[in-house]
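Secondary and tertiary structure notes
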Amino acid sequence: MSDCVFCKIIDGEIPSYTIYEDEYVKAFLDISQATPGHTLVVPKKHVANIYEYDEKLAEKVFSRIPKIARAIQKSAPDILGMNIVNNNGELAYQSVFHSHFHLIPRYSENDGFSMSFQDNSDKYNEEAFEQIKANIISSLEE
């Protein structure tokens, strides 16, 4: 895609701080650096989001994430954890519509990055959970 910033990075039209690259993925430092070492793992094939992956692409991209995550972790002894985040769609905070995974090293509770999950469990009963489960199962692709 000629107007995709990540395609331009993959093609070398825009410089990046590449930490890993092979025929399927490119991993480079996110320019925002939510925390030091914040890295993006991007498939070289342009797909907008997770919904466009086939099994082969998923295998090639996902299988590289642990290796890259371990390298980031080993790069700084004060990394205590890591968030791996994938946003799909504008409502889910996706801002570049070329699929990518954020590997965000965590240094402390006060390192500038946070996520929150609201507990809505009191809004669901057994029947509601069963209906959600059935809807998802019936939508699974073979």
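Scroll up to find the structure this text is about.
The paragraphs below set out a description of the structure included in this document. (Residues numbered from 1 in each chain as written. Predicted model: local features only at pLDDT ≥ 70, side-chain atom pairs only at ≥ 80, totals over all residues. Heavy atoms only, no water.)

On the surface, Tyr124, Phe129, Ile132 and Ile136 cluster together into a nonpolar patch covering about 400 Å² of accessible area. By the element assignment, Phe129 lies in helix 4 (residues 126-139). The exposure class assigned to Phe129 is partly exposed, which follows from its relative accessible area of 47%. (Patch = residues over 30% accessible without salt bridge, like charges linked within 9 Å, V, L, I, M, F, W, Y side chains within 5 Å. Areas by Shrake-Rupley, 256 points an atom, 1.4 Å probe, with all protein chains shown as cover. Salt bridge = Lys/Arg side-chain N within 4 Å of Asp/Glu carboxyl O. Helix = DSSP H or I, 4+ residues; strand = E, 2+ residues; numbered from the N terminus. Buried < 20%, exposed > 50% of the residue type's maximum accessible area, 1.4 Å probe, protein only.)

Summed over all chains, the structure comprises five salt bridges. Between Glu21 and Lys26 there is a salt bridge, with the nearest N and O atoms lying 3.4 Å from each other. On the accessibility criterion, Glu21 (41% relative accessible area) is partly exposed. With a closest N to O distance of 2.8 Å, Lys44 and Glu21 form a salt bridge. Here Lys44, found in the loop between strand 3 (39-43) and helix 2 (55-62), pairs with Glu21, found in strand 1 (residues 18-21); they are 23 residues apart in sequence, far enough to count as distant. Connected via shared salt-bridge partners are Glu21, Lys26 and Lys44.

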